[in-house]
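This is what each chain is made of:
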Amino acid sequence: MTYPAFPVSRPRRLRASQTVRDLVRETHLDVGDLIYPLFVTHGSGVKEEIVSMPGQYRWSLDRVCEEAAEAAELGIRAVILFGIPEEKDEVGSGAYDDVGIVQQAVRRLKRDVPSLFVITDVCLDEFTSHGHCGLVEDGRIVNDPTLPLLGRTAVSHARAGADMVAPSDMMDGRVAVIRAALDAAGYAETPILSYAAKYASAFYGPFRDAAHSAPAFGDRRTYQMDPGNAREALREVALDVEEGADVVMVKPALSYLDIIRRVREATDLSLAAYNVSGEYAMVKAAAGRGWIDERRVVLEILTSIKRAGADLILTYHAKDVARWLREGA
Ligand code: PBG
């Protein structure tokens, strides 16, 4: 065998030192790419660690601003809020209550940490007694009757001061209904980050412990996507773009890098990817046993998500990454 390109081509020339490696690096992580998820709960003085997500907490309203301020000081520009209500009911009333847990948290954050961009998750599952993202009739999750409630939820978040709303329910048509509801209520300027390609994933397990939102019966496979499908993700994204999404998301991230890449190629919109709770939990579990180097693994994972094509990454590692980048990772 002959190697005609060798010795002229020697890729190792550009790997000889950190300086030259930095010069030719194609993908850079930036703290400005990160969105930090926060869980808010009732009570006061609460900072309760989530068992399956070491280092992540449920925060009461009086404490969440400290955490958000710390994130902002580290250079993180945006948070996304998830609420854990005191009471749940069949129709998820807490989701669209103007004094609901998320609405109260938004008001506090906008008052106490005004520089921070506050995104809200728009969904019913944390607020319904059955734990589903839509209304339930005769054991089925019904699409169209759910839509006005999602519209109301988004409007109440905007009224509380949310900078962007992020529907994660996967009902058909929800972006159009939310856009119309926001516009009618005077929030034409509020952008929508749509969880456009959201898969029915086992990687959400720890989140459901954190938010007490596991479905009481069945699963989410009648509305979230089948992990085997890629073309369908492009169709979901196209629909959400037509309906008025400003940013689209792929979720989870790590097992779906191919989807991130394909969506990147299919749309010019900003693209977000959600490095979800199960991805976080696996890293924390292995790192806790000393089996992997947490810092290097996290930076490698987030770099791969960005390299696949994501502009923005929702990640529970956000504060650690911000610190590491500051140290010159
Ligand atoms: C639904 C929602 C979920 C997540 C974000 N929004 C859970 C689900 O669909 O069951 C999961 C996020 C994560 O796992 O980190 N409101």
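These numbers come from a predicted model, not from an experiment.

What counts, and where the lines are drawn
- Note that residues are indexed from 1 along each chain, following the sequence as it is written.
- Only residues with pLDDT of at least 70 are given local features in this predicted model, and only at 80 or more are side-chain atom pairs given and counted; all residues enter the totals for whole chains, interfaces and linings.
- Heavy atoms throughout the structure, all of them, feed into the side-chain values; hydrogens and water do not.
- Only a single heavy atom is needed: when it lies within 4 Å of a molecule or strand, its residue is near that molecule or strand.
- Each polar contact in these results corresponds to two N or O atoms within 3.5 Å; when the atoms are within protein, one needs to be able to donate a hydrogen and the other to accept it, and residues that are neighboring in sequence are counted only if both atoms are side-chain atoms.
- Using the Shrake-Rupley algorithm and a 1.4 Å probe, accessible areas are obtained, with residue cover drawn only from the displayed protein chains.
- Helix numbering and strand numbering both begin at the N terminus, where a helix is a DSSP run of H or I of at least 4 residues and a strand a DSSP run of E of at least 2.
- The nonpolar class holds Ala, Val, Leu, Ile, Met, Phe, Trp, Tyr, Cys and Pro. Asp, Glu, Lys and Arg form the charged class, and all remaining residues, Gly among them, are polar.
- To sort residues, take the accessible area from a 1.4 Å probe on protein chains only and compare it with the maximum for the residue type: under 20% means buried, over 50% means exposed, and anything in between is partly exposed.
- Two strands pair under a simple rule: DSSP has to find at least two bridges between them.
- With its strands directed away from the observer, a crossover is right-handed exactly when the path from the first strand over the helix to the second travels clockwise.
- Buried residues of nine kinds, namely Ala, Val, Leu, Ile, Met, Phe, Trp, Tyr and Cys, make up a nonpolar core once their side-chain atoms join them within 4.5 Å.
- The contact definition used throughout considers only heavy atoms, calling two residues in contact when any of these lie within 4.5 Å.
- Aromatic pairs are defined between Phe, Tyr and Trp rings, using the six-membered ring for Trp, whenever the two ring centres lie within 6.5 Å; interplanar angles under 30 degrees are classed as stacked, those over 60 as edge-to-face, and all others as tilted.

Some thoughts on the site of the ligand
Around the ligand, the surrounding shell holds 19 residues, and the nearest of these are Lys198, Arg208, Lys251, Ser277 and Tyr316. Contacts to the ligand include glutamine 224, whose side-chain N or O atom sits 2.9 Å from an oxygen atom. Here an oxygen atom of the ligand sits 2.6 Å away from a polar atom, N or O, in the side chain of tyrosine 316. Here the ligand, which alone exposes 410 Å², has 100% of that area covered by the protein. Mapped by element, the contributors of at least two residues to the shell around the ligand are β9 (193-198) and α6 (205-211). Across the shell around the ligand, the residue classes tally to nine nonpolar, three polar and seven charged.

With respect to the pairing of strand β5 (residues 117-122)
Burial within β5 is extensive, with five of its six residues counted as buried. The pairing of strand β4 (residues 78-84) with β5 spans four bridges and is classified as parallel. If you follow isoleucine 80 over to β5, its bridge partner there is isoleucine 119. For the segment spanning β4, helix α3 (residues 101-112) and β5, crossover handedness is right-handed. Pairing geometry for β5 and strand β8 (residues 164-167), over four bridges, is parallel. From the neighbouring strand, aspartate 121 faces β8, where its bridge partner is alanine 166.

So, the nonpolar core
Counting residues in hydrophobic clusters, the biggest one holds 79 residues, and the most contacted among them are Ile260, Leu302 and Ile305. The element contributing the most residues to this core is helix α4 (residues 147-160), with seven residues. Here isoleucine 260 is in contact with Val250, Ala253, Leu271, Ala273, Ile305, Ala308, Gly309 and Ala310, once residues within four sequence places are set aside.

Quick look at the packing of aromatic side chains
In total, this model carries nine aromatic pairs according to the counting rule given. Aromatic side chains tyrosine 195 and tyrosine 274 sit 6.3 Å apart centroid to centroid with 45° between the ring planes, which places their arrangement in the tilted category. Residue tyrosine 195 is located in strand β9, and its partner tyrosine 274 is located in strand β11 (residues 270-275); the two are separated by 79 residues in the primary sequence. Taken as a pair, tyrosine 195 and tyrosine 274 share a single burial class, namely buried.

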